[in-house]
Amino acid sequence: MATPLRWASRLLPLLVLVVWLAVGGGLGPYAGKLGEVATNDQAAFLPRSAESTRVLQAQESFRQEETLPAIVVWTADGGGRVDPATQVAATRALASLTGAAGVVGAPSPALPSEDGEALRGIVQLRPDLGEELGATLEKVDAAVSAVPGTTAWIAGPAATQADLGDAFAGIDGLLLVVALVTVLVILLLVYRSVLLPLLIIIGAVFALGLACAIVYVLADNDIVRVDGQVQGILSILVIGAATDYALLLAARFREELGARGGDRVPAMRAALKQSFGPIVASAATVALGLLALLLSDLTNNRALGPVGAIGIACAVLSSLTFLPAALVLLGRSAYWPARPKAATGDDAHPVWRKVAALVDRAPRKVWAASLAALLACAAFSLTLDSKGVPLDEIFVQDAPSVAAQERLSEHFPGGVGNPGVVIADADAAERVRTTAEGVDGVDSATVFVAPGSREPLVADGRVRIDVTLSDTADSDAAKSTVADLRTTLHAVPGADALVGGYTAQRYDTQLTAERDRMLIVPVVLVIILVILVGLLRSLLLPVLLVATVALNFLATLGVSALVFEHVFGFTGTDPAVPLYGFVFLVALGVDYNIFLMSRVREETALHGTREGVRRGLVATGGVITSAGVVLAATFAALGVIPLAFLVQIAFIVAFGVLLDTLVVRSLLVPALVRDIGPGVWWPGALRHRP
């Protein structure tokens, strides 16, 4: 009878591996195809209910054909004024683009700046060029660069969109390779094992392939939306989460394998029994925290919610099926050349025995010092400016569109190329125009006219008025002008005026992000609190854990504010960065506390709270710290994409995870639990155990 049972115990894991190999082989390529259904059109990620979004919808009635403008700027070589002959040559160069592939209509003539030192022209491009946009802009550049005695620059939405496409180019391959190599190197150094790191990496890649395939199908059917940022975060999130869960399970299996003399099946059964709850609870905090983003009014925030939750679900599935099957088949060989031994307490790394002894000996001093350090860092969180990143800081590296915009702003009003758009009743058109021109910060206002006519174009009784702002379209001064413009025009009787455009969109995005934080942050905290109460069967301890991870988030923001300003040179952060950082840090930070406190609870049931804290910290210290280092390094890989938003997210999550792993989970939480004693389990039954 033993032989059939032994064969059965090998057959099921083998079948699981075959299924995952089929998943990896069949769906793995989708990890490199997700970019085919991704969109980086920034207009698609505006607040749903904002005034600027309503203006964008109303603008459709005034467009003969939707276009993507490219603004050409010429400056004279060596400085000085541009002569009339050069202006004629520039106009001729623009006219040569009429009828070119990707160009809509006839480009505008070249117009001089007030200082006479530059020329400006606009070439309207098709908005659906996609990957052909770069080639089309190269044609435009070749034509306009032929004007003798000048240097040509291309700015505007078309140039910015092309640079965004270049920034995300190769994201599927580059980001994945950097993340996987980083994880593999860390695992090899920490565990000094050959097969285990490879198994963990393979499981993470299988999980990513499955997640990307699901997201691909949903995005292709317009059920979810994916952009380059969501695409990059999905890869990092799945690899990091799958690695964390795999490390926890592998460490517990190694412990049980040593205790059972190498008997694989009972060891895996015990490891799964003890690890299943913490892993699922940890995944639930992250997945539900991400799904809370569906409450956001920003489309890209809502897009990350379900996509990220799908990734976490696939990571859990791989960690609880593929890895157990592989470990059962390999047994001790998975940890070669190390050899699993029975856990005695003396096998733990001496560093963690010393940390546990310190916490046990002087808990109050430990938590007081840790708390003081975190509060000091958190004080600087108030200095973090999340009003938005200026155009010249969106790209970490030099971008042609940024340099061109700087030249444009030197010689023309800052809002040229990105005007404010006012939609108002036709009967009040002239009153609205003159009122708009009287607002401080407005350079000019022009009523939109029908092509080939001097009469205003009227659609559904409404007219469009383009307002050129004096300040750069992405500046705080321009946003202030938009706010004043709305206040003034809303008061014009019978106008029913709405103010939109690029600057208004940034202003509305900022306001919406602030509103989202006020709504989503409490929801995420409540979700995590409920999960912790159910897992730990206590009320006081979950409240304590949520408070510590929230403090860790504030401390991370404080350090980030200093680093962004004084090291990276950023003058601000994207409005969505604090919310993304909160969701990732709080949800992922609770993971490590779940891993620790579920083990402490297990040991407390046998040995009491004081000994339970010591044993739990010693047993989990190494694996949780290595998991934290891996996750931090994985998120840091986002820094290879030269966009300020992702660099800021990478730093906040990487630093915050390390701070949580090394200070909050290692010192603050165990010291508080040790100092409070059995009462920390209130109102659970464990509070009565001496």
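Cut-offs and rules
Residues numbered from 1 in each chain as written. Predicted model: local features only at pLDDT ≥ 70, side-chain atom pairs only at ≥ 80, totals over all residues. Heavy atoms only, no water. Buried < 20%, exposed > 50% of the residue type's maximum accessible area, 1.4 Å probe, protein only. Helix = DSSP H or I, 4+ residues; strand = E, 2+ residues; numbered from the N terminus. Pairing = 2+ DSSP bridges. Patch = residues over 30% accessible without salt bridge, like charges linked within 9 Å, V, L, I, M, F, W, Y side chains within 5 Å. Areas by Shrake-Rupley, 256 points an atom, 1.4 Å probe, with all protein chains shown as cover. Salt bridge = Lys/Arg side-chain N within 4 Å of Asp/Glu carboxyl O. Expected span 1.5 Å × (residues − 1). Arc of directions from axis to C-beta. Core = buried A, V, L, I, M, F, W, Y, C linked by side-chain atoms within 4.5 Å. Contact = heavy atoms within 4.5 Å. Axes fitted to C-alpha atoms, helices over the stretch in contact; angles between N-to-C directions. Phe/Tyr/Trp six-rings, centres within 6.5 Å; stacked < 30°, edge-to-face > 60°. Left-handed = near helix turned anticlockwise from the far one by under 90°. Nonpolar A, V, L, I, M, F, W, Y, C, P; charged D, E, K, R; others polar. Parallel < 35°, antiparallel > 145°, perpendicular 65-115°, else oblique.

**Q** Teacher, can you tell me more about the pairing of strand β8 (residues 498-501) here?
**A** Residues in a regular strand point their side chains to alternate faces of the sheet. Here β8 shows a buried face lined by Leu498 and Gly500 and a second buried face lined by Val499 and Gly501. Note that strand β5 (residues 420-425) and β8 share four bridges and pair antiparallel. Residue Val422 lies in a different strand from β8, and its bridge partner there is Val499.

**Q** It is not clear to me how a nonpolar patch on the surface should be interpreted in this structure. Could you clarify?
**A** A surface patch of nonpolar side chains, about 440 Å² in accessible area, is lined by Val177, Val181, Val185, Leu189 and Val190. In this fold, Val177 is placed in helix α6 (residues 171-191).

**Q** What is the right way to look at helix α16 (residues 476-490) in this model?
**A** Residues spaced three or four apart along an α-helix point in a common direction, a consequence of the helix completing one turn every 3.6 residues. Taking 1.5 Å per residue as the helical rise, α16 with its 15 residues ought to reach 21 Å, and the 21 Å between its terminal C-alpha atoms agrees with that figure. For α16, every residue scored as buried is listed here: Ala478, Lys479, Thr481, Val482, Leu485, Arg486 and Leu489. Seen along its axis, α16 keeps its buried residues to an arc of 155°; they face one direction.

**Q** Mind showing me how you'd approach the environment of Leu257 here?
**A** Take Leu257: it is sitting in helix α8 (residues 228-259). Separated by 14 residues in the primary sequence, Leu257 and Ala271 place their C-alpha atoms 8.9 Å from one another.

**Q** Would you explain the nonpolar core in this entry?
**A** Buried together is how nonpolar side chains tend to be arranged in soluble globular proteins. In this structure, Tyr245, Ile312, Leu327, Phe584 and Met597 are the most contacted members of the largest nonpolar core, which totals 158 residues. Each residue touching Tyr245, except ones within four places of it in the same chain, is listed here: Ile279, Ser282, Ala283, Val286, Ile312, Ala315, Val316, Ser319, Asp591 and Phe595. Val72, Trp74, Val82 and Ala89 belong to the second largest nonpolar core, which has 28 residues in total.

**Q** I keep staring at the sheet that holds strand β7 (residues 462-469) and nothing clicks. Help me out?
**A** Strand pairing in a sheet relies on backbone hydrogen bonds. The paired strands run either parallel or antiparallel. Taken in spatial order, the four strands make up an open sheet running β6-β7-β5-β8, and their pairing is antiparallel. A single partner strand is all that each edge strand has here, and the edge strands are β6 (442-447) and β8. Here the average twist between neighbouring strands, direction ignored, is 25°. Sitting on the sheet, helix α15 (residues 429-437) touches β5, β6 and β7, and the angle it makes with β6 is about 165°. Along the sheet face, helix α17 (residues 502-536) touches β7 and β8 and points at about 100° away from the line of β8.

**Q** I tried to follow the packing of aromatic side chains on my own but got confused; where do I start?
**A** Under the counting rule described, the total for this entry stands at 13 aromatic pairs. Ring geometry for Phe553 versus Phe582: centroids 5.2 Å apart, planes at 80°, classification edge-to-face. Of this pair, Phe553 sits in helix α18 (residues 540-568) while Phe582 sits in helix α19 (residues 577-607), placing them 29 residues apart in sequence. Like Phe553, the residue Phe582 is buried in the burial classification. Ring centres of Phe564 and Phe570 lie 5.9 Å apart, and the angle between their planes is 75°; this geometry places the pair in the edge-to-face category.

**Q** Where do I start with the packing of helix α7 (residues 195-220) against helix α10 (residues 299-330) in this structure?
**A** The relative placement of two packed helices is expressed as an angle between their axes plus a distance between the axes. Closest axis-to-axis distance for the α7/α10 pair is 8 Å, and the angle between their directions is 145°. In this structure, α7 crosses over α10, and the sense of that crossing is right-handed. The residue inventory of the contact of α7 with α10, partitioned by class, reads 22 nonpolar, three polar and no charged.

**Q** Can you help me understand the packing of helix α9 (residues 264-291) against α19 in this one?
**A** Contact geometry for α9 and α19: axes closest at 9 Å, N-to-C directions at 160°. Taken together, the axis directions place α9 and α19 in an arrangement best described as roughly antiparallel. With respect to the hand of their crossing, α9 and α19 are arranged in right-handed fashion. On α19, the residues touching Gln274, Pro278, Ile279, Ala281, Ser282, Thr285, Val286, Gly289 and Leu290 of α9 are Val583, Phe584, Ala587, Leu588, Val590, Asp591, Ile594, Phe595, Ser598 and Glu602. Residue composition of the contact of α9 with α19, by class: twelve nonpolar, five polar and two charged.

**Q** Help me out: how do you make sense of helix α14 (residues 400-411) in this one?
**A** Over its twelve residues, α14 runs 17 Å from end to end, which matches the ideal 16 Å to within 8%, given 1.5 Å per residue. Taken together, the buried positions of α14 are occupied by Ser401, Val402, Ala404, Gln405, Leu408 and His411.

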